[in-house]
Structures are given as C-alpha cells and as structure tokens.
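Below are the chains, spelled out letter by letter.
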Amino acid sequence: MRSKYTARPEGKQSGQGLVFDSVTKRFGGKVAVRDVSLKLEAGERVAVIGPSGAGKTTLLRLAAGALQPDVGTVRFDGSSSTGSTATLAYQGETLVNRRTALSNVLTGRLGALSWLRGFIEPLLPQHPEPALERLDAVGLVDRANVPVKSLSAGERQRVAFARALMQDAEVVLADEPTANLDPSSRRNVIDVLDAALDGELLVTVLHEVDLALEHFDRIVGMADGRVRFDTPARAVTDDQLDALFAAGASTPGTDAERTGTEKESDVPVPRYV
Amino acid sequence: MSRFHGMSEKYSGPDAAQHAATGLSKRQLTTLLGGCVILAAAAWVAEVDPMALFAAGAREQMGAFVAEGFPPETGGEYLLGRSLRDGLLWAIVETLAISVVGTTLAVALAVPLGLTSAATVTHRGPLYRNASAGRIAVGRGLYHASRTVLSFLRSVPGIVWGFLFVTAIGLGPFAGVLALAVHNAGVLGKLYADFLEDTDPMTNEAVAGSGATRLQAVCHGMVPQVTPTIASYTLYRWECTIRSAAILGFVGAGGVGYYLVITIQRLQYGKLSTAILAVFALVVTSDWLGSQLRTRLG
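Quick caveat, the model's predicted, so the values are computed rather than measured.

Caption draft 1: View of the overall build of chain A. Within chain A, the secondary structure is distributed over nine helices and nine strands. Per-residue burial over chain A gives 54% buried out of 273 residues. Long-range pairs, those at least 24 residues apart, make up 73% of the contacts in chain A between residues at least 6 apart in sequence. Roughly 11400 Å² of accessible area belongs to chain A as shown, and the carbon and sulfur atoms make up 51% of that amount.

Structure, rendered in structure tokens:
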C-alpha cells in the first residue's frame, strides 16, 4: 500500500540496526533501565514485553533520542538514508485532541520545513500530500479532517503511527500501540503497523504476549530494567514468560514507584525538575 | 490502575479504623480548633461588632435608605443626560466598553508574559532535554523575571491602577481601560502560564521529537492543548472586569461608578437605587452572555 507513494527505492537493500551498549537510565533515584545491551538488526521485527515499570518505554525513548542515557551509548548501525534515523510512534493519547488528524500528522515532520512554514503548515497546509499519504497507509485518509477527539482509540493510535511515519525513518519504535484498545482493535492496529512498514527495523513495546509471539520475529523480555531474555519468537517458552512476569510482581518497590520509572508523566510530582 | 491501588491502601490502613471508632481523629480536632482560633483572631482584627447593626443611628440610616431609595429615580434626564456621552445609560455602556477593551488589552499583554512565565516553555521538560546548561539558565532567568512582573501587576488592585492612570493621563474611561488591562494581564498571564505547565509532557515530547524548533513545539504541541481552557477562563475574567469597571468611576476612571459615588455623597438614594439596579442588570446580562459563549466553546 505504501509503495504507491513512497519515494524510497523498491526492494531496499539495507537499513539501520540499533545497538544499546551497557545502557543505564535513572529518573531521580529510580533506575528505569539497568545495564542493557542489545543489538537489533536492520529489518527485524522486535517486540519488547514485560511487566509494568520494566523500563520498556524508557528503552524506546532512549532509542528515539527523547532521553539521553546516564551510562552507556545508544547508536545506529548501517547505511544511512534520506529520512531521520529513528522515529518513535507515541501512544494515541499524545495527539493534540482538538486538531484534525491531518494537522497532527503534519506536526510529524516540522523539522524538515523552513522556520516560518513550520508555524503555518499544521494549520494551513500548503503541501498536505505527504501527510495524506501516511494517513492512507494507516487507512484513515477519509478521516483526515476529523478532529482527533472524535476518533476512536484505535483510530487515534493509527494517526499516531502516521505522524511517526512522516519521519521516513529506518527504525520505527512503537510505544504500547495496543494500550487502551479492545481486543479486536489491538489486532487491527498491529496489522496496520505491519502493512504500513516497508523493511524498517520495528521495535514495539507490547503488553499482549500472544500478539507479540504471533506478529514479531524476536522477543525481548524485560523486568525491573533488565533484559531477562532475548530470543526468536518461536523459541519463547512458558517458563520464560512465567519467570518474567513473576520477576516484576515480586519486586518489593511499590507499583506507583515502578510505573514512575517507566513513564515520567506518572511520577507523583508531574513536572520536570 | 496500579497507582490507585497504592492509594486505596493508604486510606484503608490502621488510621481509617481509628476514625471509625472515635468519630473525629486527633488531627481533625486540631485542624478544627486551629481554624476556630484563626477565625476569632481575624474577627478581632476586623473589629467585628454585631451590635453596631442594631444601634439607633444605624437603624435610622438604613430606614432612610429604604424609604428614600424607593421608588428608584427614572427621570429622562438622569437616565439619558443632556448629550450623547451623558446620563446613567451611557455610563453603563461605557462600563461595558471599558471591560471589553480592557480585557482585550489584558489578553494581548498576558499571552507573551504567560509564555515566558511557563517553565515548560522557558527551561523545563521535554523541550529542554538536550539543551545546554547556559540555555537553561537563561530560560530560568526569563521565567523568574516574568513571574515577578506578573505578581506585581496582579498585586496592585485595579482601582489603585485606575487612580495611578487618572493621575498620569487624566480623568476618563481610557484610564479605566489601562487599569483593567494592566491588573488583568497579571491575573491572566499567571493562569495561562500555569495551564501551559500542566500540559501533557508526552504530547509535548512527541511534537518536539519531530525535529520542531522549541517555538514550533510550543505552538503546535503545548498551546492547542490549553486553548479551550484559556478561552473559557478569559471569558470568566471578562465577567469579573465588568464588576471591576463598575467601581473604577470612584477614582474618575470612567463608567457607572461615578454615579454610584456621587449619589452616595449627595444622599440621592433614589438615583443610587437606579444605578445599583443598572449595575445588577449589567452583571446578570454579562454572566449570562459569558456562560452562553463558554457553552459554545466547550
């Protein structure tokens, strides 16, 4: 579906891989990610699973450059391309609700516009085509001019994908794309994401283990900021999964504290200090 | 989900059992007693004396007001005056005009000041994750400076600003416009800044992650999150400025306040009743209009 519009050459030969090298990230006193080393190859489809507060979202934000690691490095590995290196598809809740789907998708690539155009484009688009293409890729081009607040949760998630796809990145990161969705929309959202991509490295944080095993090549299990296992999807055992989710549940820290490590917006003091 | 679980545990602990047994906890009793002491002290400072209401002079005066205040004065000359810019009705129109222009000017001042007073715009949060220490220090300086300006504008009451502007530019409604603009810029600017600081950090991060400049991220990420709230509070504030504009005439800054103060001084209670009723009608009408507009916004 996407190839109809993308300028990218067909049958892309190479892309970017993503390497975490002994990465540690703390928020205040809490360690969100502890000494994580991972090497993700170009074109792989990776699902990161684990209990709440395991540091999964933090890992994605580190890869996207939204956060800087306290220790270690995050780097990309492979031939560079025209677009940006990595793009993080945030959750549908992070869209600007009052604006239209089109306007939200247009904010996905303000950096590529001139200084002045960057102010005007999301409100009075002169070149809406790229955004309409991305909306088409997620099957929502007919909803382009609907305010995001009138869309369903699944549709909002797809608009958030479209916004991230505006970056034309070689590495696509998706933060819990199935959160707050009903079971049928979850599958739909993952399918849409699948269809919209074209050989990029995809790293997704997922809560639903069955969806992860079904749709992804490689599963990274995280608990308490550490990588507990990293195996091909078909090799994941029930024992590994039980141990992973038990590890999260038995950690002495309070739930709120551990959620706080994963998402700063959940920390009791909401403002950045 | 998990957060709420943690909370409910906090409130169902041993403390809760104790409340149920004794009715009031020690802490609640202390709060109640403390409140009573503060109220008593405040009443003493404010020289509260209920008997003053029933003194012979007070009764006579209030009786006179009721007797002479009814019926309200409805003479054509009082209501319409001798020229266009004269008479009680014109003063009401002028009050309304002062509030509209004053609030508009206040918004024009409050928007830039609000932006520079919001920490999430100047130096904190997702927009400044990768900023240099120098840039953050500059932002923090700007933030503190403009917060101080807002506090100052807000802390001087509108009527005092009115007196100052009358002294500076002379009697008339324009002094009232400036007084309302300056005071309300302080009020609105702080509101705007607080709303901007309460925007969702992940939404701001998502927009900033598109490679947007900070100003673009503010315009397309932060501001659209708060515009409905800001519009609604600005309308509410406009209703407040009508009430303020009604007393600006006390210091010669235009509006119906002139009629209020002059009729009180001359003991013309019939005319005072009319003026009070006119202000009442103005306030009720503007409240109604404001709530209609806010419903439409919501």
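Caption draft 2: Representation of the packing of aromatic side chains in the model. All names here are of chain B. Within this structure, the stated rule accounts for seven aromatic pairs over all chains. Taken together, a centroid distance of 5.1 Å and an interplanar angle of 80° make the contact between F65 and Y269 edge-to-face. You can see F65 sitting in helix α4 (residues 56-69) and its partner Y269 sitting in helix α14 (residues 269-297), a full 204 residues away along the chain. For F65, a relative accessible area of 31% puts it in the partly exposed group. Members of the aromatic cluster, each reached through a chain of ring pairs, are Y78, Y258 and Y259.

Caption draft 3: Molecular detail of the sheet that holds strand β7 (residues 201-205) of chain A. Residue and element names in this part refer to chain A. Read across the sheet, six strands follow the order β5-β6-β7-β3-β8-β9 without closing on themselves; strand pairing throughout is mixed. The sheet is open, and its two borders are formed by β5 (86-89) and β9 (226-232), each paired with just one other strand. The average undirected angle you get between the axes of adjacent strands in this sheet is 15°.

Caption draft 4: Inspection of the interface of chain A and chain B at higher detail. Counting from both sides, the interface comprises 36 residues of chain A and, opposite them, 31 residues of chain B. With both sides pooled, the region where chain A packs onto chain B buries about 2800 Å², and carbon together with sulfur makes up 57% of that total. Scanning the region where chain A abuts chain B turns up one salt bridge. For R61 of chain A, the salt bridge is made with E205 of chain B, and the minimal N-O distance between the two is 2.6 Å. Inspection of the region where chain A meets chain B yields 14 residue pairs in polar contact (both at pLDDT 80 or more). Mapped onto the side of chain A that touches chain B, the elements with two or more residues apiece are α3 (117-120) and α9 (255-262) of chain A. Ranked by residues supplied to the side of chain A that touches chain B, first place goes to α9 of chain A with three residues. Of the residues assigned to the side of chain A that touches chain B, the class counts are 13 nonpolar, 11 polar and 12 charged.

Caption draft 5: A look at the confidence of the model for chain B. Residue and element names in this part refer to chain B. For chain B, per-residue confidence averages 88 on the pLDDT scale, and 92% of positions sit at 70 or higher. Confidence drops under a pLDDT of 50 for residues 1-13, and excluding neighbours within four residues, the segment shows five contacts in the predicted structure. With pTM at 0.80, the complex prediction returns an ipTM value of 0.78.

Caption draft 6: Just the pattern of salt bridges, in detail. Residues and elements named next belong to chain A. Considering all chains together, one arrives at 22 salt bridges over all chains under this definition. In this structure, E214 engages R187 in a salt bridge whose closest nitrogen and oxygen atoms are separated by 2.5 Å. With a gap of 27 residues between them, E214 in helix α7 (residues 209-215) and R187 in helix α6 (residues 183-196) connect regions that are remote in the sequence. Judged by its relative accessible area of 35%, R187 is partly exposed.

Caption draft 7: Up close: the packing of helix α6 (residues 88-116) of chain B against helix α12 (residues 214-248) of chain B. All names here are of chain B. α12 packs onto α6 with a crossing angle of 145° between their chain directions and a minimal axis gap of 9 Å. Regarding α6 and α12, the two cross each other, and that crossing is right-handed. For the pair formed by α6 and α12, the contact residues are T95, L96, I98, S99, V100, T103, V107 and L115 on the first element and V218, T234, W238, T241, I242, A245, A246 and L248 on the second. For the contact of α6 with α12, a count of residues per class yields 11 nonpolar, five polar and no charged.

Caption draft 8: Representation of the nonpolar core within the structure. Residues and elements named next belong to chain A. Ranked by size, the top nonpolar core spans 47 residues in total, and within it I49, L135, V138, V159, L206 and I219 carry the most contacts. Among the elements that line this core, the one with the most residues is helix α5 (residues 153-165), at six residues. Discounting residues that sit within four places of it in the chain, I49 has contacts with K56, L206, V209, A212, I219, V220, G221, M222, F229, L241 and L244.

Caption draft 9: Looking closely at the side chain of R237 of chain B. With respect to the helices and strands, R237 of chain B occurs in helix α12. With near-sequence residues (within four places) excluded, R237 of chain B lies in contact with H183, N184, V187 and L188 of chain B.

Caption draft 10: Summary view of a nonpolar patch on the surface. On the surface, W115, L116, I120, L123 and L124 of chain A together with L215 of chain B cluster together to form a nonpolar patch covering roughly 620 Å² of accessible area. Within the fold, W115 of chain A resides in the loop between α2 (101-106) and α3.

Caption draft 11: Geometry of the packing of helix α13 (residues 257-265) of chain B against α14 of chain B. Residues and elements named next belong to chain B. Interhelical geometry of α13 versus α14 gives an angle of 155° and a closest axis separation of 9 Å. When the axis of α13 is compared with that of α14, the two are roughly antiparallel. The two elements α13 and α14 meet at a crossing, and its hand is left-handed. On the side of α13, the interface is formed by Y259, L260, T263 and I264, while α14 contributes K271, L272, A275, I276 and V279. Of the residues assigned to the contact of α13 with α14, the class counts are seven nonpolar, one polar and one charged.

Caption draft 12: The arrangement of the pairing of β7 of chain A in detail. Residues and elements named next belong to chain A. Among the five residues in β7, five count as buried, and that is most of the element. A two-sided burial pattern is seen for β7, the buried positions comprising L201, V203 and V205 on one face and L202 and T204 on the other. Inspection of the sheet shows strand β6 (residues 171-174) paired to β7 by four bridges, in the parallel sense. In the sheet register, L173 faces β7, and the bridge partner there is V203. Handedness of the crossover joining β6 and β7 through α6 is recorded here as right-handed.

Caption draft 13: Broad picture of the side chain of E176 of chain A. With respect to the secondary-structure elements, E176 of chain A resides in the loop between β6 and α6. Within the buried set, E176 of chain A has no salt-bridge partner at all; the shortest N-O distance to an opposite charge, 4.9 Å, is to K56 of chain A.

Caption draft 14: Region of the structure containing the confidence of the model for chain A. Residues and elements named next belong to chain A. Chain-level statistics for chain A give a pLDDT mean of 82 and a share of 83% at 70 or above. pLDDT under 50 marks residues 1-13. Its contacts with residues more than four places away, or in other chains, come to 22 contacts. Counting interchain partners and residues more than four positions distant, the pLDDT-below-50 stretch residues 250-273 has 52 contacts.

Caption draft 15: Region of the structure containing helix α4 (residues 129-137) of chain A. Residue and element names in this part refer to chain A. Looking at α4, one finds that the buried residues are A131, R134, L135, D136 and A137. Where α4 is buried, its residues contact α2, α5 and α6. G139, located one to two residues past α4, shows a positive phi value of around 75°.

What counts as what
- Residues numbered from 1 in each chain as written.
- Chains lettered and ligands numbered in written order.
- Predicted model: local features only at pLDDT ≥ 70, side-chain atom pairs only at ≥ 80, totals over all residues.
- Heavy atoms only, no water.
- Helix = DSSP H or I, 4+ residues; strand = E, 2+ residues; numbered from the N terminus.
- Buried < 20%, exposed > 50% of the residue type's maximum accessible area, 1.4 Å probe, protein only.
- Contact = heavy atoms within 4.5 Å.
- Areas by Shrake-Rupley, 256 points an atom, 1.4 Å probe, with all protein chains shown as cover.
- Phe/Tyr/Trp six-rings, centres within 6.5 Å; stacked < 30°, edge-to-face > 60°.
- Pairing = 2+ DSSP bridges.
- Axes fitted to C-alpha atoms, helices over the stretch in contact; angles between N-to-C directions.
- Buried area = accessible area lost by both parts, 1.4 Å probe.
- Salt bridge = Lys/Arg side-chain N within 4 Å of Asp/Glu carboxyl O.
- Polar contact = N/O pair within 3.5 Å; in protein donor to acceptor, adjacent residues only side chain to side chain.
- Nonpolar A, V, L, I, M, F, W, Y, C, P; charged D, E, K, R; others polar.
- pLDDT = per-residue confidence, 0-100.
- Left-handed = near helix turned anticlockwise from the far one by under 90°.
- Core = buried A, V, L, I, M, F, W, Y, C linked by side-chain atoms within 4.5 Å.
- Patch = residues over 30% accessible without salt bridge, like charges linked within 9 Å, V, L, I, M, F, W, Y side chains within 5 Å.
- Parallel < 35°, antiparallel > 145°, perpendicular 65-115°, else oblique.
- Right-handed = clockwise from strand over helix to strand, strands pointing away.
- Lys, Arg positive; Asp, Glu negative; His and termini not counted.

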